[in-house]
Structure formats: structure tokens, C-alpha cells
Amino acid sequence: MDTWDVVVVGAGPAGLSCALGLAERGFSVAVLERESRPNLGKLCGGYVPAKVFEEYGIPKSVASYEVRGLRIVSPLGEWCVEFGAAVGYNVERVELAEYLAGRVERLGGSVVVNAEVYGVRGEGDEVVVESQAGIYKCRVAVAADGVYSKVSKSIRGVFGPEDLGLAVQAEYAVDKRLYESHLNTVFLGSEYSPFGYAYIFPKRDRLDVGVGSLLSRAKGASLEKYLDKAAGHYGLTPESKPRYALVPLTGPVEKVCRGRVLLAGDSAGHVSPLVGEGIRFAMEAGSIAADAISSFLRGEFSLSELSRRYLAGLKKGFYRRLRLEKFLLRFLGRGRLTSTRLLRDPGMR
């Protein structure tokens, strides 16, 4: 039986940024990942703002594609918003995760793959984590294992249809026109999604094309037909079958901690309700969790304060933005405003 200061469940952006922050402060931390590689097989466009690369010291070699702006396609027209320099990067999630995992291990932490977690329970002053790789004991545990997390469900409750998005994504052959522009492409309007948007994000050797919709609006709709519509706009050639995934779009969540167990990332709904962006907020949540946990482990406040301090950090960080996005999503959902009409304003674009 292994004993650690902290055990993190899930080797995604939230879990690894939390583990990195703790390892940098000298705490012993183990990360348990159910797949054979960190964050393997997760579905997403993979856009990460340049600011995140700078803040976490991530080298550009980890990036798959440099993004300098956005191409917007809608029934009202097509616009390009270009900035000249890089504003972000499209990444392969597994490559980003393996880079972060390597830094955690170099600082003395452990990242264990093929370690599906069966249960997390409190025992006095410890947390017991039962996994495929064995039993781990720790002083604090972090559940950062995605939208399907059973641990998180028991703490924050069930995601409802208005709190979830459904995304479909497939790989397409590189198109020179799109690849050389250094722009991500977003399709807005009801012909591209029941209630959401379609996108084309270039990667190193392909184009990731996808459609996202609020789950409650996607019922009875064929998202693959919308996917074909977006890809057909540029005559793209498919190279893989479409894959589906649920995306939490909850915005701010108050129930992010119970006793010695904290939630971070997708498992806590730390995703943009409006556009589904998650890596940035997951990494910020992981860092905020690391701040709160390290202060607790140093004896700066009691266990009863841990939840309040973590939630306060989230509110000071990105919760205000997510709350505004949740409001806008509801406003759009009532039909009082459409995303395409917003684009008539050059400033809004």
C-alpha cells in the first residue's frame, strides 16, 4: 500500500497541473490514469491560448499548430479576424499531457497508467483510493477524471441535459487553403448545429472537424449531417469515422469539495458554457486546487476551511467569466438574440 500527500485521479490538464503545482512545492503526489497513456483518446479541438503556454512554461514544440486568428463562417457571410502573431496553439491532448506528466515525474511525483480507480473513501485523517494498480493512501485526493467521474457525481450531483453538450468529431485530410492560413474556423448558425457551432481546427498532419450542440437541443438531430455540412463547405476528405463525446457546460459549480476530496476540470464542469473550451480552465482549476491543498497541508488552515478556500480561489479566477457565459447561453436559448446577428458588429467579431 502506497502513502502519499496527495493522489490525483485522472492525468488530464486539470489533474496534471494540480500535481505539478504540488510537486513544485515539495509534496509527494501520485497521479492515477485509467488509460495506457495520459489523457489518451479524449475528444476535443485542443485549442490552448498562448497565455497558458507562457504561464506554465510549455515549449512551442508541444504545439501541433500555431493559431493567429479566427475564420467565422455564417449564413450572413464569412469573416477573418487576424492578429498577425500567435494567439494560441492547437495541441494533441495526449502530447500535452505526456509533457506535463514528465515534469511531474522529474520533480519526484509518480504518474501511473492502466490504473483505473474503483473507489475513493475517507478514513479518519486519510483518503483511501482503490485502483487497478493497488491501494493508495493520502491526506487529500483530487478527482480530475472527466465528465463520467463517479467520484465527482457523488459530490457535485448529476449533470442535467441543460448542463451538457454533445460533440461529434472526425479527422480530415489537410487542406492547403485552411492549413496555411493559421486560422481556426468556426461555423455559426442553425444550418451548422442545432444549438452550438461547427469547427475546423488544423493539427500537425490533419484537420479536426467537429460539431457541438447543447444536449437538450441535439435530441433527434443527426450531428453527423451537420458535420458533413461543415466539411462539405470546403470539400474536405474524411480520414476517420466520427466519434462522440459529452462535454460539461455547467459554468460555476459550488459543490467542488467534500472533506478531503476536491474536484477539478471536466469532472467539476470547469468548461466554457458558451464555446466548450476546457483545457485553459482545467489547468487553472488544477493550479487553484494545488494552492488550496498546499496551504492546508502546511497547516495554514483547518480541513473545514479547505472547501471554502478552494471555492474562493475559483470565484476569484474564472468563475465570473463562466457565469457571464451561462447567462449569454440562456439568452441565446430563448431566441432573443442570434450568434450570427452579433457578427454584424465588427467590434463583436
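Note: the structure precedes this text.
These figures come from a predicted structure and were not determined experimentally.

Asks: Please give an account of the overall build of the chain that cites residues and values.
Replies: Helix and strand counts for the chain stand at 10 helices and 18 strands. The principal-axis extent of the C-alpha atoms belonging to the chain is close to 60 × 40 × 35 Å. With 349 residues in all, the chain has 54% of them scored as buried. For the chain, the computed accessible surface area is about 15,600 Å², with 50% contributed by carbon and sulfur atoms.

Asks: Give a detailed account of the nonpolar core, specifying residues and quantitative values.
Replies: One finds V6, L16, V129, I293 and Y310 to be the most contacted residues of the largest nonpolar core, which totals 77 residues. Ranked by the residues each element gives to this core, the list is headed by helix α8 (residues 279-297), at 12 residues. Here V129 is in contact with V7, V9, L32, V117, G119, V120, G134, I135, Y136, C138 and A141, once residues within four sequence places are set aside. If you look at the next biggest cluster of nonpolar residues, it comprises 21 residues, including A170, Y172, V209 and A218.

Asks: With reference to specific residues and values, describe the sheet that holds strand β12 (residues 164-172).
Replies: Strand order in the open sheet formed by 7 strands is β6-β5-β13-β14-β15-β12-β16, and the pairing between neighbours is mixed. For this open sheet the edge positions go to β6 (77-82) and β16 (243-248), each flanked by a neighbour on one side alone. Sheet twist, expressed as the mean angle between neighbouring strand axes with direction ignored, is 20°. Examined bridge by bridge, strand β13 (residues 183-188) and strand β14 (residues 196-202) share 4 bridges and lie antiparallel to one another. If you follow T185 over to β14, its bridge partner there is I200.

Asks: Please give an account of the side chain of S17 that cites residues and values.
Replies: Along the chain, S17 turns up in helix α1 (residues 13-24). Of the residues examined, S17 reaches a relative accessible area of 2% and is grouped as buried. Ignoring sequence-local partners within four residues, the contact set of S17 consists of Y56, A282, M283, G286 and S287.

Asks: Kindly report on the pairing of strand β2 (residues 29-32), identifying the contributing residues and their values.
Replies: What you see with β2 is no split at all: V29 and V31 on one side and A30 and L32 on the other are buried throughout. Note: strand β1 (residues 2-9) against β2, 4 bridges, orientation parallel. Bridge assignment links V6 to a residue of β2, and that residue is V29. Crossover β1 to β2 through α1 is right-handed. The sheet contact formed by β2 and strand β8 (residues 110-112) spans 3 bridges and is parallel. Of the residues in β8, the one forming a bridge with V31 is V111.

Asks: How would you sum up the pattern of salt bridges? Please name residues and give values.
Replies: For the structure on display, the rule yields 25 salt bridges. Residue R103 is joined to E24 by a salt bridge in which the shortest nitrogen-to-oxygen separation is 3.7 Å. Residue R103 is found in helix α3 (residues 93-106), and its partner E24 is found in helix α1; the two are separated by 79 residues along the sequence. Connected through shared salt-bridge partners, E92, E171, K203, D205, R206 and D208 make up one network.

Asks: Give a description of the packing of α1 against α8 that names residues and reports values.
Replies: Direction vectors running N to C along α1 and α8 enclose 35°, while the axes themselves pass 7 Å from each other. Taken as a pair, α1 and α8 cross one another with a handedness that is right-handed. Together, P13, A14, S17, C18, G21 and L22 of α1 and I279, A282, M283, G286, S287, A289, A290, I293 and S294 of α8 make up the contact between the two elements. Considered class by class, the residues forming the contact of α1 with α8 number 10 nonpolar, 5 polar and no charged.

Asks: Outline α3, supporting the account with residue identities and numerical values.
Replies: Look at α3: 20 Å from first C-alpha to last across 14 residues, which is about the 20 Å you get at 1.5 Å a residue. Restricting attention to buried positions, one finds in α3 the residues R93, V94, L96, A97, L100, A101, G102, R103 and V104. Elements that come into contact with the buried residues of α3 comprise α1, β2, β8 and α8. Once α3 ends, the next one or two residues include G108, with phi positive near 100°.

Asks: Could you give an account of the packing of α1 against α3, with specific residues and numbers?
Replies: Contact geometry of α1 with α3 gives a least axis separation of 9 Å together with a crossing angle of 15°. Relative to α3, the element α1 is oriented roughly parallel. Here α1 runs over α3; the crossing is left-handed. Note on element contacts: α3 touches α1 through R93, A97, L100, A101, R103 and V104, opposite P13, L16, A19, L20, A23 and E24.

Asks: Provide a residue-level description of α1, including the pertinent values.
Replies: For α1, built from 12 residues, the straight-helix expectation of 16 Å at 1.5 Å per residue is met to within 8% by its first-to-last C-alpha distance of 16 Å. Among the residues of α1, those classed as buried are P13, A14, G15, L16, S17, C18, A19, L20, G21, L22 and A23. Check the buried side of α1 and you find it contacts β1, β2, α3, β8, β11 (134-143) and α8. Just downstream of α1 lies G26, where phi reads positive at about 90°.

Asks: For the sheet that holds strand β7 (residues 88-90), give the residues involved together with the corresponding values.
Replies: Spatially, the 3 strands line up as an open sheet ordered β3-β7-β4, and their pairing is antiparallel. Whereas interior strands pair on both sides, the edge strands pair on one side only; in this sheet they are β3 (47-49) and β4 (65-67). Direction aside, the axes of adjacent strands within the sheet are offset by 30° on average.

The rules behind these values
- The residue numbers shown here count from 1 along each chain, following its written sequence.
- Totals for whole chains, interfaces and linings use all residues, but because this is a predicted model, local features are given only for residues with pLDDT of at least 70 and pairs of side-chain atoms are given and counted only at 80 or more.
- Values reported for side chains reflect all heavy atoms of the structure, with hydrogen atoms and water molecules removed beforehand.
- Under the scheme used here, helices are H or I runs from DSSP no shorter than 4 residues and strands are E runs no shorter than 2 residues, and both carry numbers assigned from the N terminus.
- Classification of residues uses two cut-offs on accessible area relative to the type maximum, computed with a 1.4 Å probe and protein chains only: under 20% is buried, over 50% is exposed, and between them is partly exposed.
- Where accessible areas are quoted, they stem from the Shrake-Rupley method and a 1.4 Å probe; at the residue level, only the protein chains shown are allowed to cover.
- Only buried residues count toward a nonpolar core, which is a set of Ala, Val, Leu, Ile, Met, Phe, Trp, Tyr and Cys residues joined through side-chain atoms within 4.5 Å.
- Whether two residues are in contact is decided by their heavy atoms: any pair within 4.5 Å suffices.
- A pair of strands is labelled paired if DSSP reports no fewer than 2 bridges between them.
- Working convention: axes come from line fits to C-alpha atoms, limited for helices to the stretch in contact. Angles between N-to-C directions cover 0 to 180 degrees.
- Handedness of a crossover is defined as follows: with both strands directed away from the viewer, a clockwise route from the first strand across the helix to the second makes it right-handed.
- Just to be clear on terms, a salt bridge is a Lys or Arg side-chain nitrogen sitting within 4 Å of an Asp or Glu carboxyl oxygen.
- In this scheme, a crossing is called left-handed if the near helix is turned counterclockwise away from the far one by less than a right angle; it is called right-handed if the turn is clockwise.
- For this scheme, ten residues count as nonpolar: Ala, Val, Leu, Ile, Met, Phe, Trp, Tyr, Cys and Pro. Four count as charged, namely Asp, Glu, Lys and Arg, and the remainder, Gly too, count as polar.
- One less than the residue count of a helix, multiplied by 1.5 Å, gives the span that helix is expected to have.
- We call two directions roughly parallel when the angle between them is under 35 degrees, roughly antiparallel when it is over 145, roughly perpendicular when it lies between 65 and 115, and oblique otherwise.

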